[in-house]
Each structure stands twice: as structure tokens, then as C-alpha cells.
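Structural characterization, general
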Amino acid sequence: MNYRGPSRVRVTHKPMPEIQHPSDAIVRVTRSCICGSDLHLYNGLVPDTRVGSTFGHEFIGVVEEIGSDVTKVKVGDTVLVPFNVACGECAFCKQGLYGNCHESNSQATAVGGIFGYSHTAGGFDGGQAEYVRVPYANVGPTVIPEGMDHDDALLLTDVVPTGYQAAEMGGIKTGDTVVVFGAGPVGIMAAKCAWLFGAGRVIVIDKLEYRLEFVRNYAQCEAYNYESVGDPVLFLKKTTDWFGADVCIDAVGADATGNALQTITGRKLMLQAGSATALHWAINSVKKGGIVSVVGVYGPTDNLVPIGNVLNKGLTIRANQASVKRLLPRLIEHIQAGRLDPKALITHRFPLEEAAEAYHIFSEKLDNCIKPVLIPPSARL
Amino acid sequence: MENTTNNYSHIKGWGIDADPTNEPTHPMKHYTGDDHKRLNWERPPLQPETVEILKSNERPNLSAVLGTSVPPTGLSGAIRRYAFKYSESSYGHWLPLLLADRVNVVEGLIDDLKQGHIPNIFAEKGWKADLKYNPKGLATKVLVTALATTAVLAYLRRKK
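In short, a report on the structure. Just so we're clear, the structure is a prediction, and the values are computed from it rather than from any experiment. (Residues numbered from 1 in each chain as written. Chains lettered and ligands numbered in written order. Predicted model: local features only at pLDDT ≥ 70, side-chain atom pairs only at ≥ 80, totals over all residues. Heavy atoms only, no water.)

**What about the pairing of strand 11 (residues 201-206) of chain A?**
Residue and element names in this part refer to chain A. Most of strand 11 sits out of view: six of its six residues are buried. Where burial is concerned, the two faces of strand 11 agree: the one with Arg201, Ile203 and Ile205 and the one with Val202, Val204 and Asp206 are both buried. Examined bridge by bridge, strand 10 (residues 177-181) and strand 11 share five bridges and lie parallel to one another. Residue pairing in the sheet places valine 179 in a bridge with isoleucine 203 of strand 11. Between strand 10 and its parallel partner strand 11, the chain crosses via helix 5 (residues 185-196), and the hand of that crossover is right-handed. (Buried < 20%, exposed > 50% of the residue type's maximum accessible area, 1.4 Å probe, protein only. Helix = DSSP H or I, 4+ residues; strand = E, 2+ residues; numbered from the N terminus. Pairing = 2+ DSSP bridges. Right-handed = clockwise from strand over helix to strand, strands pointing away.)

**Side note on a nonpolar patch on the surface**
Residues and elements named next belong to chain A. A cluster of nonpolar side chains, contributed by Leu327, Leu331, Ile335 and Leu340, occupies part of the molecular surface with about 300 Å² of accessible area. Structurally, leucine 340 is set in the loop between helix 11 (324-336) and strand 15 (348-351). Judged by relative accessible area, leucine 340 falls into the partly exposed class, the value being 40%. (Patch = residues over 30% accessible without salt bridge, like charges linked within 9 Å, V, L, I, M, F, W, Y side chains within 5 Å. Areas by Shrake-Rupley, 256 points an atom, 1.4 Å probe, with all protein chains shown as cover. Salt bridge = Lys/Arg side-chain N within 4 Å of Asp/Glu carboxyl O.)

**Topic: the sheet that holds strand 9 (residues 142-143) of chain A**
Residue and element names in this part refer to chain A. Ordered in space as 8-3-4-5-9, the five strands form an open sheet in which the pairing is antiparallel. Two strands bound the open sheet, and with one partner strand each, they are strand 8 (131-134) and strand 9. Across two bridges, the pairing between strand 5 (residues 78-81) and strand 9 is antiparallel. The residue of strand 9 that forms the bridge with valine 79 is valine 143.

**Describing the side chain of B:Arg80**
In this structure, B:Arg80 sits in helix 1 (residues 74-83). The class of B:Arg80 is buried, set by a relative accessible area of 1%. Within the local environment of B:Arg80, its side chain forms a polar contact with the side chain of B:Asp101, the two groups lying 2.7 Å apart. Contacts of B:Arg80, omitting those with residues within four sequence positions, involve A:Asp48, A:Arg50, B:Leu54, B:Leu97, B:Ala100, B:Asp101 and B:Asn104. (Polar contact = N/O pair within 3.5 Å; in protein donor to acceptor, adjacent residues only side chain to side chain. Contact = heavy atoms within 4.5 Å.)

**A word on the packing of helix 1 of chain B against helix 2 (residues 91-114) of chain B**
Residues and elements named next belong to chain B. Across the interface, helix 1 lies against helix 2 with an axial gap of 8 Å and an inter-helix angle of 170 degrees. Here helix 1 lies roughly antiparallel to helix 2, going by the angle between them. Residues Gly74, Leu75, Ser76, Ile79, Arg80, Tyr82 and Ala83 of helix 1 pack against Gly92, His93, Pro96, Leu97, Leu99, Ala100, Asp101, Val103, Asn104 and Glu107 of helix 2. A per-class count over the contact of helix 1 with helix 2 returns nine nonpolar, five polar and three charged. (Axes fitted to C-alpha atoms, helices over the stretch in contact; angles between N-to-C directions. Parallel < 35°, antiparallel > 145°, perpendicular 65-115°, else oblique. Nonpolar A, V, L, I, M, F, W, Y, C, P; charged D, E, K, R; others polar.)

**Details of the packing of aromatic side chains**
Residues and elements named next belong to chain A. Applying the stated rule across the entire model yields 11 aromatic pairs over all chains. Ring geometry for phenylalanine 214 versus tyrosine 218: centroids 5.6 Å apart, planes at 20 degrees, classification stacked. Residue phenylalanine 214 and its partner tyrosine 218 are both found in helix 6 (residues 209-219); the two are separated by four residues, about one turn of the helix. Judged by its relative accessible area of 45%, phenylalanine 214 falls in the partly exposed class. Members of the aromatic cluster, each reached through a chain of ring pairs, are Phe181, Tyr226 and Trp281. Seen from the ring of tyrosine 218, lysine 192 lies directly overhead, with NZ or CZ sitting 5.2 Å from the centre. (Phe/Tyr/Trp six-rings, centres within 6.5 Å; stacked < 30°, edge-to-face > 60°. Lys NZ or Arg CZ within 6 Å of the ring centre and 35° of its normal.)

**What about the interface of chain B and chain A?**
Across the boundary between the two partners, chain B contributes 76 residues, which contact 78 residues of chain A. When the two sides are added together, the surface that chain B and chain A hide from each other amounts to roughly 6300 Å², 52% of it contributed by carbon and sulfur. Scanning the region where chain B abuts chain A turns up six salt bridges. Between B:Arg80 and A:Asp48 there is a salt bridge, with the nearest N and O atoms lying 2.8 Å from each other. Summed over the shared surface of chain B and chain A, the result is 39 residue pairs in polar contact (both at pLDDT 80 or more). For the side of chain B that touches chain A, the secondary structure elements donating two or more residues are helix 2 and helix 3 (121-124) of chain B. Grouping the amino acids of the side of chain B that touches chain A by side-chain chemistry returns 35 nonpolar, 20 polar and 21 charged. (Buried area = accessible area lost by both parts, 1.4 Å probe.)

**Thoughts on the nonpolar core**
All names here are of chain A. Judged by nonpolar contacts, the single largest core of 31 residues is most densely connected at Ile172, Val178, Val180, Val204, Val215 and Ile249. Mapped onto this core, the elements with two or more residues apiece are helix 4 (159-169), strand 10, helix 5, strand 11, helix 6 and strand 13 (245-250). For this core, the leading source of residues is helix 5, giving eight residues. One finds Leu45, Tyr224, Cys248 and Ala254 within the second-largest nonpolar core, a separate group that totals 27 residues. (Core = buried A, V, L, I, M, F, W, Y, C linked by side-chain atoms within 4.5 Å.)

**A few points about the environment of B:Ser87**
All names here are of chain B. Relative to the assigned elements, serine 87 resides in the loop between helix 1 and helix 2. Sequence separation between serine 87 and glutamate 58 is 29 residues, and the spatial gap between their C-alpha atoms is 6.2 Å. Ignoring anything within four residues of it in the chain, the contact list for serine 87 reads Asn57, Glu58 and His93.

**Re the sheet that holds strand 14 (residues 286-294) of chain A**
All names here are of chain A. The strand order across the open sheet built from five strands is 12-11-10-13-14, with neighbouring strands paired in parallel fashion. What marks the edges here is a single partner per strand, and that holds for strand 12 (222-225) and strand 14. Across the sheet, the axes of successive neighbouring strands diverge by a mean angle of 20 degrees, strand direction being ignored. Of the pairings in the sheet, the one linking strand 13 to strand 14 comprises five bridges and is parallel in character. When the bridges of strand 14 are listed, cysteine 248 appears paired with valine 292. In the packing of helix 5 onto the sheet, the strands contacted are strand 10, strand 11 and strand 13, and the crossing angle to strand 11 comes to about 170 degrees. Contacting strand 10, strand 13 and strand 14, helix 9 (residues 277-285) crosses the sheet at an angle of about 150 degrees to strand 14.

**Re unusual backbone geometry**
Residue and element names in this part refer to chain A. One non-glycine residue with positive phi stands out, namely tyrosine 136, at about 50 degrees. In this structure, tyrosine 136 sits in the loop between strand 8 and strand 9. Even without glycine at this site, lysine 365 takes up a positive phi of about 55 degrees. Inspection of the secondary structure assignment puts lysine 365 in the loop between helix 12 (355-363) and strand 16 (372-375).

**Here we look at helix 2 of chain B**
Taking 1.5 Å of rise per residue, the 24 residues of helix 2 of chain B would be expected to cover 34 Å, and the 34 Å separating its terminal C-alpha atoms lies within 8% of that figure. With a side-chain oxygen positioned 2.8 Å from the backbone nitrogen of B:Gly92, the residue opening helix 2 of chain B is B:Ser90. (Expected span 1.5 Å × (residues − 1).)

**Some words on the layout of surface pockets**
Gaps left between atoms are located by rolling a probe of water-molecule size over the structure's atoms. Residue and element names in this part refer to chain A. There is about 710 Å³ of room inside the second largest pocket. Along the walls of the second largest pocket sit 25 residues, with Lys14, Pro15, Met16, Pro17 and Asp125 positioned nearest its centre. Of the residues contributing to the lining of the second largest pocket, the split by class is 10 nonpolar, 10 polar and five charged. (1 Å grid on protein atoms, 1.4 Å probe; cavity = no way out; pocket = protein on both sides within 12 Å on 5 of 7 lines; lining within 4 Å. Points joined across faces, edges and corners; volume = space filled by probe spheres on them.)

Below you can see the structure in the form of C-alpha cells.
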């Protein structure tokens, strides 16, 4: 498979991959998938996707050749190959963050190496090919257990673990209502796995009827077409007693439909990280204090928090307005004990009548302003 | 509207992975203290750099293994080299890379023609499948393309 430009690929002969590192294996591919994430590449949404690249990060195959350091698999083994290229030895791999390996991608630090996923993810040719070079063959490739259906094994390279982790990252508690945006393979799997974590209700939102029907049957969940429910955020609030879901999962990413402005600016003009419609809906549909889990792929952006890198780096974001009442007793103790001195922050005092100037000074960081205080006339008497 | 609350008998394995200590950070990261080892782990053998590898300026060295699928070449390669002067946090990095990708597409076409291969765009775009699964859409596409081409040609002739 040979990428030729946005929405253009063809099949060509490429040189046979070779062992280039002692930990390499050459795998003869027996099955590979096109993943929803490949469509981001295909549509030209992922920077540094070079003409001539071969995609494919979901594949299984037979080990044909091994490098001198390879001990965990041998020639002839039938293996499933996780989509991450991971060394197993760096600080991140040691902590189980195999998706964040520091020894597999010279070309970016936010994301580890991924088979067939642009030079931003290391420039490795992928498995939509006959043969593929598999670095770190002692780490990723796993011999398919005897008796396991090879199609099941194939989906273990990405879809199943990604869907499972989407649910896992939701921190689902027993009885939680979980909403999954996107009924693609990962979204379907996330919905299925949400039950394993004890969800009390699982809802999937998509727009394609056939996918909705599939996920209803496969994941035994509720599934709704956002085009027929009107505003999906409003719908989800309404159906959760006006609270919002406990957990929302974005299993869509940059290719989302459903919002014309996002489509034009994100997908067509590529002025932002792709269309962030699903992320918007997830954030706005979750309850206060809820959890949003993101496995949808997003590109770089200059006008938004780089959400793609939040995903790629496995960051944890916790956020809220302060719950003052809860904190007050402890803080009062600190101040009374002299451990905190809040008033030291006040640098400026303005008559209330000069509020406009006060705002401007504060907003423009003029006069080393840290904390302005407005004083009404009555207080100045 | 179906509400499955408190009815889990039809869900095989319901709650089997429930873990009250599962906060968002917990399952992904096995804390070992290795966070603070920084770059001091024992590095695997280093793969020889046989083709040009562009390196993020946010790391001190190349990773131990390297993807060598499509080294930078031509004008797109020059643009990519320029992009890598900027960090991943800068649009000076990403915009040139996107530009290079588009330039690279044209270079790919030129390479094809140089090698005497006329790319079959219809096939490469997979439009053949439309014949079977989306004939109406294909007809619309063809019609729109034909109309646009005719309009452009008519405009050019009129100008002459």
C-alpha cells in the first residue's frame, strides 16, 4: 500500500524490508486492518505523512526472520503485533506506558513510534503490506495463543485494547452512566467494555443507523442518532435527569461530523486540530465532576489546547472551580497560624469609579499589577 | 426509552473489572520511580543512521530504532528540514510539514511521469467502488467535475 496524497493510495512493489537493528524481526503479514485512525492519514490530516508511505498498524503475521538479539519469538511463530513500537526499557515503558516509548520515535516527543502512522509517529512502514519490519521484537509481538481465532488476535493489536482503555480511563464506578461518542470499532468496544467496569447504563451516539443497530446488539446498550435527537447535549442531559453522564468517551477524534463550522475549519481548511465536535459534546454532556476519556486522534492546533498531545502523551487533566465551602476550615487554620498571607497579593487599589482603568491595567498587566481592589465610595468615607 | 439501570443479568462479565481505586491516572501508569531516571536507562543498541532522519529539537539524540520508510527528498524535504528547526509546540513546525505534504504530492506525480507511469487517479481514489455501491454519488461527482471543467474552459475561451 502506497500513499500518494490526500484520498489517494495505490498498491506498488516496494523493496523487501530488512533487519536493521539486532532487535528487529521481519513479519510476513497474514492479516491487517484499516483503522479509523488511518483515515486521518488518508485524508491528509496528519502532518508529515509522506508520499510513498505504507500505512497499517493493526496486523498479525508469521515471523520470517529475526535479528541477533531476538529471543522472545522465533521464526515460524504466528504473532499479533501491537500498534506501538516500544523498547520496553526506557523510563516510560518501565511504567507500562508503552504508547509513550522514548526510544522509538526521533521525530516527535509527544508520541511514541507507531507502525504506518506518518513520520510524526516515527516513519515506520506499516502492516498493510506483505512483509513488515517489526522493531523491538522481544517486546511487542506476542505469539497468538493456540486455539485463538486469528481475527480476534488481529483486533487485539489496537481496537480491543483501545476500546478497553477508553473505558478504563473513564474511571467508571459501579452504576455510572457512560456515554460513548462514535460507534466505530473503538467506540463499540468501549461501550462493550464499559459494562466490565460496572457501568449502570451505556449510551452510544453516532449518526449512521447501521452502526447504531450494530452497537445496540453487540454491546447491549442504548444507541441514538444525533441527527434524530436534535441537540445531542440537550438530549443527554434530559435522559440523565438533567445531570449529565458520569463518564463521556470521545471515540471519534479529528474526523467528526455534526457541526458545519467544525467541519469547515477543522477538516476542510485544517485551521485547527480537526473537527472537535465529539470532544465538545463529551465535555458538555458529562456531569459536573465527571470524567471525559479521549481516545479520538487529533492533530496539531494553534487556537485550542493541543488536545492531540494530551492523548499522545497520556496526560491527566483534572479540573474544577474551587469548592470553597469544603476548603474554608483548613485555609482559615493556615491563615490563623500564619502559614498563608493572602493580602500580600494586593498591589493596586482603585476607586470604584475608576473601574475601567483598573480593568485595563489588570488586563494589560500594566504597572506590575497583580491584584487590584476596587473601593466603592461609601467605603472611602 | 430503554433504561438498563439495575438490570445487568444480560451483560456477561458485568462489573468484573470494577475497581474502586481506579482514578483516571491509576491503570495507565505503574509507578516505579523511573520517572526521575530521565535519560539514564540502559539504551538498546543504536540503529545505524543509513538514511536522513529528521530529529525533533525537543530531544537530545535519535531514538535507538529508526523508521526509514521515506527519507526527505526534494523541495518537500527542504521544507521538512526547515520545519524541524521548530519545536512541536510551534506552528512553525506543523504548518511547513503540512505544506511539505502537499508539495510532496506534486513531486509524487512528477516522479510517476518521469518513470513513464501515468497515475490512474480514478483508481487511486477508489472511485471504482462507487460504480457498485454509490453510482448516484459517482454520477454527481462526474457531473460536477464536467460542469466545473466546462465552465473553466468556457471562461478561458471567452477571455481569448
